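Per-entry structural report
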Amino acid sequence: MPHPTDVRNVLYIMCDQLRRDYLSCYGHRHLHTPNIDRLAAAGVRFSRAYTQGTICGPSRMSAYTGRYVSSHQVAWNGVPLPLDELTLGDYLRPAGIRTALVGKTHATPNQDALQQLAIDPLMAEQLNEVGFEPVARHDGIFPDDPLFADKRESAPYTRYLRDHGFTGDNPWHSWANAAAGENGEILSGWHMRNADLPTRLPEQHSETVYSTDRAIDFIQAQGEQPWCLHLSYIKPHWPYIAPAPYHALYNASQVQAPIAVQPGNDHPVYAAFRQHQESLNFSREEVRLKVIPTYMGLIKQIDDQLGRLFDVLQSNGRWDDTLIVFTSDHGDFLGDHGLGEKEFLLEPAVGVPLIVRDPRAAADVSRGTVDERLVETIDALPTFLDAMGLPSAEHRLEGRSLIPLLHGTASAWRSYAIAEYDYAFQAPARERLGQPIDRCRMTMVRSERWKYLAYDGFRAQLFDLLNDPQELHDLGADPAYASVREAHQGYLFEWLRSLKRRTTINHAEIERRGQWFRYGEPREDSVVKIGVW
């Protein structure tokens, strides 16, 4: 394979709610994902990658800004990004790199700020799309909720479905996310009891195929124009319903046993989340056995579609000059620890797959390897800038380029990873715990061996991931581990102090201005010297 001297393009693939242990290259025994495995064999698979937030909005804004949740301030879904935050497109477009989106971002327009500043409509659209050119944006649609009517009607996928004869007020729901009953009635995929049924929509028109088609169309149309494409699949995120034949590829016998509820763990925040409706549902074995085979089928469909995409890249030469990153925004508990959904900082939710393939010869030293160093979602943007030879913006970016790891040139690396979650938006848990809105934060500090979970108003949790990888034994109240907890509290304070707050001036400009304060060292170009006698 010829090796390019430069990376010309970036393909940033993100799945939604995909657990890393549900890929065969990460060890799943029954779910075979040969195309994702093929990418891992051609690149580096990171075994300890972490998202910065375990729900869509915070995680994705960290990915697009290269900054922690505490810095970009998008604490939950539906929270807008501050207008002065820079994203992928802001860094790449000035270099002539077309930065496009196919799929989901979960970005929310900052309408109050736009109106206050009277932003030009063209600029407002760019800000609303967090810097992406929306080739085909579709974030997933709730069933027949008037709150989402405008979003549904503006979605290209809605128009696509209607153009292909799939009619109705909400064809996304009634075809793509619904099954047919015995008498032709519509059975909603939002009801998990229907998870084993096929969608009414044929597979070739499904969301995953549609997204892949649009990505292929975009790539083939670019010619020699450099590009960054964010291909953001909305699956295997619920509703848990898949088109035929993917609805029936797996069965209950292939469902892995759940990670048990932590014995003797009475931590109040964990207990509150176990009382959520989705947790109570996924704690029932019949729910897990019906839903998880479909979850696996949705992942298998993504893998098949990525095989199509990778074949196109190899046939048109783009495989040889494109940096490819495959990841997920967060995981899914699927009943592990007695939890549903993903709003807690244990491994099934906070751990994500991350595979990076650099096409250049310098990356041959790591090709096909597994890297166990701690990496984070915020590392993607610095990696893109490094690979394409663009300025690093170290005064803003809190992630680190992965290129030194791929090229075997890294020396020191981070000693801990951080993730955050704010449950203020979840009234049931907040009210059970009696917490005020501004005291609902939890923060993960994941070091080489330990995971430390800090909470507002409650004791910390601690897990020994070397001897207890399933996080069954909470050591947060054990006096024998007081020094470990103290060390990780120190890491937490160190991280808080290191957040990038001075974002409007770069380091080079600070260095330039700092020359004025070299006392006693007059220069010929000095006009004024402070403190000269």
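Read on for a plain summary of the structure. (Residues numbered from 1 in each chain as written. Predicted model: local features only at pLDDT ≥ 70, side-chain atom pairs only at ≥ 80, totals over all residues. Heavy atoms only, no water.)

Brief notes about the overall build of the protein
Along its length, the protein carries 19 helices and 15 strands. For 533 residues, the compact-globule estimate of 2.2 N^0.38 gives 24 Å, and the protein sits close to it at 24 Å. C-alpha extents for the protein along the principal axes are approximately 95 × 65 × 50 Å. Across the 533 residues of the protein, 59% fall into the buried class. Sequence separation of 24 or more characterises 72% of the internal contacts of the protein that already satisfy a separation of 6 or more. Carbon together with sulfur atoms contributes 52% to the accessible area of the protein, which is approximately 21,900 Å² in total. Separation between the mean location of the 54 positive side-chain charges and that of the 69 negative ones in the protein comes to 2 Å. (Helix = DSSP H or I, 4+ residues; strand = E, 2+ residues; numbered from the N terminus. Rg over C-alpha atoms; globule rule 2.2 N^0.38 Å. Buried < 20%, exposed > 50% of the residue type's maximum accessible area, 1.4 Å probe, protein only. Contact = heavy atoms within 4.5 Å. Areas by Shrake-Rupley, 256 points an atom, 1.4 Å probe, with all protein chains shown as cover. Lys, Arg positive; Asp, Glu negative; His and termini not counted. Charge placed at Lys NZ, Arg CZ, Asp CG, Glu CD.)

Some words on the packing of aromatic side chains
Inspection of every chain in the model, using the stated rule, returns 22 aromatic pairs. Measuring from centroid to centroid gives 4.9 Å for Tyr 157 and Tyr 210, while their planes differ by 50 degrees, and the two rings are tilted. Here Tyr 157, found in helix H8 (residues 156-163), pairs with Tyr 210, found in helix H10 (residues 207-221); they are 53 residues apart in sequence, far enough to count as distant. Of the two residues, Tyr 157 and Tyr 210, both sit in the buried class. Measuring from ring centre to ring centre gives 5.9 Å for Tyr 270 and Phe 344, while their planes differ by 50 degrees; the resulting arrangement is tilted. (Phe/Tyr/Trp six-rings, centres within 6.5 Å; stacked < 30°, edge-to-face > 60°.)

Remarks on the sheet that holds strand E13 (residues 441-447)
With antiparallel pairing, the four strands of this open sheet are ordered in space as E12-E13-E14-E15. Strands with a single pairing partner mark the edges of an open sheet, and in this sheet they are strand E12 (416-422) and strand E15 (458-464). Sheet twist, expressed as the mean angle between neighbouring strand axes with direction ignored, is 15 degrees. In terms of strand pairing, E12 meets E13 through seven bridges, oriented antiparallel. Residue pairing in the sheet places Tyr 416 in a bridge with Ser 447 of E13. Contacts from helix H18 (residues 482-498) reach E12, E13, strand E14 (450-455) and E15, with the element oriented near 110 degrees to E13. (Pairing = 2+ DSSP bridges. Axes fitted to C-alpha atoms, helices over the stretch in contact; angles between N-to-C directions.)

Re the nonpolar core
Tyr 12, Phe 46, Phe 273, Phe 344, Tyr 423 and Met 442 are the most contacted members of the largest nonpolar core, which totals 71 residues. For this core, the element with the most residues is helix H15 (residues 380-387), which contributes five residues. Not counting residues up to four positions away in its chain, the partners in contact with Phe 273 are Ser 279, Leu 339, Glu 343, Phe 344, Tyr 421, Tyr 423, Gln 426, Ala 429 and Met 442. Core analysis: the second largest hydrophobic core is formed by 45 residues, Ala 42, Leu 231, Tyr 233 and Tyr 295 among them. (Core = buried A, V, L, I, M, F, W, Y, C linked by side-chain atoms within 4.5 Å.)

Brief notes about the environment of Ala 75
Note that Ala 75 resides in the loop between helix H3 (69-72) and helix H4 (88-92). Residues Ala 75 and Phe 425, 350 residues apart in the sequence, show an inter-C-alpha distance of 9.1 Å.

Some remarks on the packing of H10 against helix H13 (residues 285-316)
Any two packed helices are characterised by how steeply their axes cross, that is the angle between the axes, and by the distance between the axes. H13 packs onto H10 with a crossing angle of 10 degrees between their chain directions and a minimal axis gap of 10 Å. By the angle between their directions, the pair H10 and H13 is classed as roughly parallel. Residues Thr 208, Val 209, Thr 212, Asp 213, Ile 216, Ile 219 and Gln 220 of H10 form the contact with H13, whose own contacting residues are Gln 301, Ile 302, Gln 305, Arg 308, Leu 309, Val 312, Leu 313 and Asn 316. Considered class by class, the residues forming the contact of H10 with H13 number seven nonpolar, six polar and two charged. (Parallel < 35°, antiparallel > 145°, perpendicular 65-115°, else oblique. Nonpolar A, V, L, I, M, F, W, Y, C, P; charged D, E, K, R; others polar.)

A closer look at the pairing of strand E8 (residues 322-328)
Counting buried positions over the seven residues of E8 gives seven, a clear majority of the element. Neither face of E8 is exposed, since Thr 322, Ile 324, Phe 326 and Ser 328 on one face and Leu 323, Val 325 and Thr 327 on the opposite face are all buried. As defined by bridge partners, strand E1 (residues 9-16) adjoins E8 across seven bridges and the pair is classed as parallel. The residue of E8 that forms the bridge with Tyr 12 is Val 325. Bridging between E8 and strand E9 (residues 351-357) involves four bridges; their strand directions are antiparallel. What sits directly across from Ile 324, in E9, is Arg 357.

What about the pairing of E9?
E9 sits mainly inside the fold: seven of its seven residues count as buried. Residues Gly 351, Pro 353, Ile 355 and Arg 357 point to one face of E9 and Val 352, Leu 354 and Val 356 to the other, with burial holding for every one of them.

Some points on the packing of helix H1 (residues 34-42) against H13
Packing of H1 against H13 leaves a shortest axis separation of 7 Å and a crossing angle of 50 degrees. On the basis of the axis angle, H1 is oblique to H13. Packed against H1, whose contacting residues are Pro 34, Asn 35, Ile 36, Arg 38 and Leu 39, the element H13 presents Lys 300, Asp 303, Asp 304, Leu 306, Gly 307, Phe 310, Asp 311 and Gln 314 at the interface. Residues belonging to the contact of H1 with H13 are distributed by class as follows: five nonpolar, three polar and five charged.

Description of the pattern of salt bridges
Tallying each qualifying case throughout the model produces 37 salt bridges. Where Asp 336 meets Arg 19, a salt bridge forms, and the shortest distance between an N and an O atom there is 2.8 Å. Remark: Arg 19 occurs in the loop between E1 and H1 and Asp 336 occurs in the loop between E8 and helix H14 (347-350); sequence separation between them is 317 residues. The pair Asp 336 / Arg 19 is uniform in exposure class, with both members buried. In this structure, Arg 98 engages Glu 133 in a salt bridge whose closest nitrogen and oxygen atoms are separated by 2.5 Å. Placement of Arg 98 in strand E3 (residues 98-103) and of Glu 133 in strand E4 (residues 133-137) is noted, with a sequence separation of 35 residues between them. (Salt bridge = Lys/Arg side-chain N within 4 Å of Asp/Glu carboxyl O.)

Here's the deal with H8
Every buried residue belonging to H8 is among Pro 156, Tyr 157, Thr 158, Tyr 160 and Leu 161, and all of these are buried. Residues of H8 that are buried sit in contact with E4, helix H7 (149-154), helix H9 (171-176) and H10. Among the residues trailing H8, Gly 165 stands out with phi positive, at a value near 90 degrees.

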